[in-house]
Amino acid sequence: MILHVDMDAFYASVEQRDSPQLRGQPVVVGGSATGRGVVAAASYEARQFGIHSAMPSAKAARLCPHAHFVKPRIAHYAAVSRQIREVFERYTPLVEPLSLDEAFLDVTGSIPLFPSAEAIAREIRHAILTELSLNASIGVATNKFIAKIASDLRKPNALVVVPPGTEADFLAPLPISRLWGIGPVSAEKLTTRGINTIAELRKLDERLLTTLLGSVGGRVYQLARGLDERPVVANREAKSISKETTFETDLADREMLEAWLVHLAEEVGVRLRSHNLKGRTIHLKLRYSNFETITRSVTRAHPTDATRDLISAGTSLLAQVDLHRPVRLLGLGISEFRPVEVQLLLFEDPNYLPGEKPSRADEVADAIRQKFGQDSLRRAKGLSRHPIDRDHERHD
Ligand SMILES: [Mg+2]
């Protein structure tokens with residue numbers, strides 16, 4: 001059985017927890033409302049005004065002028081995320097983080113020790129609330145796909161259990177947009193044929209779906225039936241750490257894209273270092289407004305966890321792609337990991353002397369950010385023109 005745990009409005013909830021005067025108030029974590037800042041997270045009180053992540057902060061300020069704007073403290077959220085993860089690991093070693101506030105847990109092996117997967121989910125929610133004063137929503141199901149939908153269904157502060165054998169019924173009334181692989185373009189192709197719910201989509205055979213949707217058709221066919229075989233992959237075996245942002249308005253502005261890249265690199269760097277990983281291959285992902293998606297990557301001679309290296313690799317990859325067309329999504333990732341411990345041993349081998357000193361500077365930076373806030377240190381690019389901030393996250 002799989003649990004999908006998703007913290008409720010994580011960054012905003014951490015800020016409300018840490019500052020009592022923010023509780024019950026509309027809180028927007030993100031960049032400045034006077035510059036070109038972007039909303040990273042909004043409290044549920046702020047969401048009632050229509051504020052959501054990736055929205056320009058200036059627009060959020062118009063929607064809710066009395067909202068409290070708070071600068072993100074990513075390193076602090078990463079530290080809280082590690083505490084949450086320690087709770088998970090009391091129940092299973094099979095924890096696959098998707099982002100700082102979301103993870104899959106495979107609790108199949110733990111069930112003999114507990115009354116049920118649902119009981120484990122209840123205990124986890126209780127531990128996170130009593131020990132960390134935060135709310136989590138959890139979906140419990142036989143696979144990742146159903147668990148993820150379940151955790152989102154009655155957010156916030158919800159536990160949704162989909163008993164084995166009821167997956168198809170659970171999915172039937174939901175809109176097709178819930179299916180991975182159904183983006184806005186695919187959804188439109190289907191809705192023009194009168195197909196709005198997953199139950200309706202299930203009436204199409206696999207060949208027709210593949211004709212309509214292309215290569216994802218087969219996958220969509222399986223998911224619509226509640227079938228998903230992907231295993232939970234514990235962090236140590238994670239293949240990549242990446243971070244991507246969909247812009248509210250498509251960007252055809254190199255400087256803005258470079259500024260976003262700095263921001264993505266900072267967050268990927270914090271996560272790499274908080275997992276004690278170094279990677280060799282840095283990936284850039286770009287999606288144009290017509291949904292054409294391209295990726296570029298570069299492999300370094302030596303692994304790194306330094307934000308500086310992520311920025312320089314990302315910037316040189318960005319220089320290789322066409323930026324005359326509007327871009328709707330930008331992502332940066334790193335793969336081919338080696339744990340830092342292994343790397344330390346390699347340092348002793350003269351053949352591997354990589355001169356990887358920048359990570360020391362990042363360690364200091366992480367500590368300063370954790371103590372004084374995310375914006376206490378900002379690389380010149382992000383600082384000078386675009387006080388930018390983060391957005392959603394997906395795991396490759
Ligand atoms: Mg969340």
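This report concerns the structure included in the present document.

Rules used in this analysis
Residues numbered from 1 in each chain as written. Predicted model: local features only at pLDDT ≥ 70, side-chain atom pairs only at ≥ 80, totals over all residues. Helix = DSSP H or I, 4+ residues; strand = E, 2+ residues; numbered from the N terminus. Core = buried A, V, L, I, M, F, W, Y, C linked by C-beta atoms within 7 Å. Buried ≥ 20, exposed ≤ 12 C-beta atoms within 10 Å, placed from the backbone. Contact = placed C-beta atoms within 7 Å. Pairing = 2+ DSSP bridges. Axes fitted to C-alpha atoms, helices over the stretch in contact; angles between N-to-C directions.

### Notes on unusual backbone geometry
- Backbone torsion omega between lysine 155 and proline 156 reads -5°, so that peptide bond is classified as cis.
- Following the sequence through the fold, proline 156 ends up in the loop between helix 6 (144-153) and strand 8 (159-161).
- With a phi angle near 40°, alanine 9 is a residue other than glycine that sits in the positive phi range.
- Positioned with a positive phi, alanine 54 is a non-glycine residue whose angle comes to about 80°.
- Relative to the helices and strands, alanine 54 is located in the loop between helix 2 (44-47) and helix 3 (57-63).

### Digging into the nonpolar core
- Residues Leu3, Val28, Leu105 and Val140 are the most contacted members of the largest nonpolar core, which totals 69 residues.
- Among the elements that make up this core, the one with the highest residue count is helix 4 (residues 74-88) (six residues).
- Those residues in contact with valine 28 that lie beyond four places of it in its chain are Val39, Ala42, Ala46, Ile51, Ser57, Ala60, Ala67, His68 and Phe69.
- Grouped together as the second largest cluster of nonpolar side chains are 23 residues, Ala265, Leu277, Leu317 and Phe337 included.

### Looking at the sheet that holds strand 3 (residues 39-42)
- Pairing in this open sheet of three strands is mixed, and the strands run 3-2-4 from one edge to the other. Two strands close off the open sheet at either side, each with one partner strand: strand 3 and strand 4 (68-70). The mean inter-strand angle of the sheet, taken between neighbouring strand axes irrespective of direction, is 30°.
- Taken together, the three bridges between strand 2 (residues 27-30) and strand 3 define a ladder with antiparallel strand orientation. If you follow valine 29 over to strand 3, its bridge partner there is alanine 41.
- Strands strand 2, strand 3 and strand 4 of the sheet are contacted by helix 1 (residues 10-18), whose axis makes an angle of about 115° with strand 2.

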